[in-house]
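Coordinates in review
One-letter residues, chain by chain:
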Amino acid sequence: MQAIEKKSVPDFGLSWNLQESFYHAAGGGGGLFASVGQMGVGFGVSPNPSNPNPKDNGIRIPCTDLYVKYVSPEFGFRLVGSPTVSDAGEEVLEEAKPKKKGGLKLKIRIGNPHFRRLLSGGIAGAVSRTAVAPLETIRTHLMVGSNGNSTIEVFQSIMRTEGWQGLFRGNFVNVIRVAPSKAIELFAYDTAKKILTPKTGEPPKLPVPSSLVAGAFAGVSSTLCTYPLELLKTRLTIQRDVYDNLLHAFVKILREEGPAELYRGLPPSLIGVVPYAATNYFAYDTLRKLYRKTFKEEEIGNFATLLIGSAAGAISSSATFPLEVARKHMQVGAVGGRQVYKNMLHALLSILEKEGIGGLYKGLGPSCMKLMPAAGISFMCYEACKRILIDKEDDA
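- The name an unreviewed UniProt entry gives the chain is Adenine nucleotide transporter BT1, chloroplastic/mitochondrial-like, with Phoenix dactylifera as the organism.
- Taken directly from UniProt, the Sequence similarities (unreviewed entry) text for the chain runs: "Belongs to the mitochondrial carrier (TC 2.A.29) family."

**Focus on unusual backbone geometry**
- For K296, which is not a glycine, the phi torsion comes out positive at approximately 55 degrees.
- With respect to the helices and strands, the residue K296 is situated in the loop between α8 (266–295) and α9 (302–332).
- Exposure remark for K296: the relative accessible area of 70% places this residue in the exposed category.

**Looking at the environment of E298**
- Its place among the elements puts E298 in the loop between α8 and α9.
- Since its relative accessible area comes to 64%, E298 is described here as exposed.
- Residues E298 and R288 lie 10 residues apart in sequence; the distance between their C-alpha atoms is 9.6 Å.

**Some details on the side chain of E261**
- You can see E261 is positioned in the loop between α7 (246–257) and α8.
- Residue E261 is classed as buried on the basis of its relative accessible area of 6%.
- A polar side-chain atom of E261 sits 2.6 Å from a polar atom in the side chain of R264.
- Other than its neighbours up to four places away in sequence, E261 contacts L231, R235 and I253.

**Details of the environment of K386**
- Checked against the element boundaries, K386 lands in helix α12 (residues 364–389).
- Residue contacts for K386: discarding those within four places in its chain leaves S120 and D190.

**Topic: the pattern of salt bridges**
- Scanning the entire structure with this criterion turns up 13 salt bridges.
- Measuring nitrogen to oxygen at the nearest pair gives 3.6 Å for the salt bridge that ties R292 to E298.
- Under the relative-accessibility criterion, R292 is labelled partly exposed at 24%.
- For the salt bridge of K362 with E355, the shortest nitrogen-to-oxygen distance reads 2.9 Å.
- Residue class for E355 comes out partly exposed when judged on its relative accessible area of 37%.
- One network of salt bridges, in which partners are shared, links D190, R288, E383 and K386.

**With respect to the side chain of E383**
- Examined against the element boundaries, E383 turns out to sit in helix α12.
- Within the local environment of E383, its side chain forms a polar contact with the side chain of Y284, the two groups lying 3.0 Å apart.

**A few points about the packing of helix α2 (residues 133–144) against helix α3 (residues 151–161)**
- Look at α2 against α3: their axes get within 10 Å of each other, and the N-to-C directions meet at 110 degrees. Compared by their axis directions, α2 and α3 come out roughly perpendicular. The element α2 and its partner α3 pack so that their crossing is right-handed. Here T137, I138, H141 and L142 of α2 come into contact with α3, specifically with T151, V154, F155 and I158.

Criteria and cut-off values
Residues numbered from 1 in each chain as written. Predicted model: local features only at pLDDT ≥ 70, side-chain atom pairs only at ≥ 80, totals over all residues. Heavy atoms only, no water. UniProt positions renumbered as here; feature names shortened; annotations may be inferred. Helix = DSSP H or I, 4+ residues; strand = E, 2+ residues; numbered from the N terminus. Buried < 20%, exposed > 50% of the residue type's maximum accessible area, 1.4 Å probe, protein only. Polar contact = N/O pair within 3.5 Å; in protein donor to acceptor, adjacent residues only side chain to side chain. Contact = heavy atoms within 4.5 Å. Salt bridge = Lys/Arg side-chain N within 4 Å of Asp/Glu carboxyl O. Axes fitted to C-alpha atoms, helices over the stretch in contact; angles between N-to-C directions. Parallel < 35°, antiparallel > 145°, perpendicular 65-115°, else oblique. Left-handed = near helix turned anticlockwise from the far one by under 90°.

Now the structure itself:
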C-alpha cells in the first residue's frame, strides 16, 4: 500500500491516517481501496499491512476474510472476498456475501485518555438519567411528601394535573446537571484508581481498597462542581408554579435569597456523597472481580455490566438513603410553611421525631427502582463508550 496522505489533529489527541492504494483486477479495471482502520474516526475496519502481497491490500473486516471495495460515488462501497488467482495467473476479487458473524464495529479513535473518559462519562450520565426520569420525579415527590404518600398516588396525581410531561418535568435540567457530573465523577474515579492501585509486585499503597477511596474522591469532586444545578432541579420539580424555567429559577434565587442559597444543603450532600460513592464504586469493582473469578472471563459483557451496576446501586442507595432524605428536605426550605432545618443532624432528628424510622426511608422503594437501573445503565454505557472511544492498544 502506498500512503499518500497523513494528517494529524492535535485537538483532544484525535489521530487521522488515510491510506489509499489501487488494485488492478483482471481485465484492466481498477479498484480503489480506502483504509480507514487507523482513522481518527473509524469503524473498526483495519488494513492488513503485515503481508506485502497485493491481495492483502485493502480494508480487512475484523473476524472475516472479507474486504471492502470502493467502486464509485454512485455505488459506494461493496463487500468483496479475498483475492484469488485466475486461470491467466492474475489476481482478481470475487463478489462475496458478508458473513453473519462478521460486520462493522463502530470505533472512534481519540488519543487523549482524559477526554475519552470525560466524554464516555457524559454520554453515560445523559442516557441513564433520561431513561429513569419518571421514577426520579416520583421519588422526589415522595421524599418531601407532596402529591401523595405512595408511588401510585404520586403517579396518579401527576398524570391528572400535568400528564406525561409532568413525569419528565425538570429532566432537561437533570441531564444538564448529570452529564457533566457523571463525566467528572467517572473521570475522577478512573484517574484516582489508577494512581492508588499498586503495580504488579508492589505493596498496597493504602490500608483500604483503592476503589473505596477513589469512589469517595469522585463523588466529592462531582458534587462540588455541579451542586447548584441539583438544587435548581429540585426547586423546578417541587415548586412548578413558582419558576418558569432554569434561568428564571437561577435569577430569582440569586435576587431573593442570595448566592449562598444555591449551596443550601451542601454539607449533608457532601457527607452523603462520600459513603454513597465509596460504597457504589467499591461494590461495582468487587462484583466485577467476583464475576471474572466465577466465570473465568476477563471481558464482561453489556448485560452482565448492567446487572453488576444495578446491584452496586441498590447496595449504596440502601446504605445512605437517610442522608439523601435529609438533603432533600433542606433543599426545599420553607416552601408551603415547611420547617427550616439548621443542619443535617437537626433535619435527621426532626424527621425521626415526627415520622419515626420510616420517615428516614420514605421513598426507598422508588429510589431503588430509579437508582438501580440508572446505575446499571450508566456503568454499561460508560464501559461500552470506552470500548468505542478507546483504542485497543490503549489500556486507559
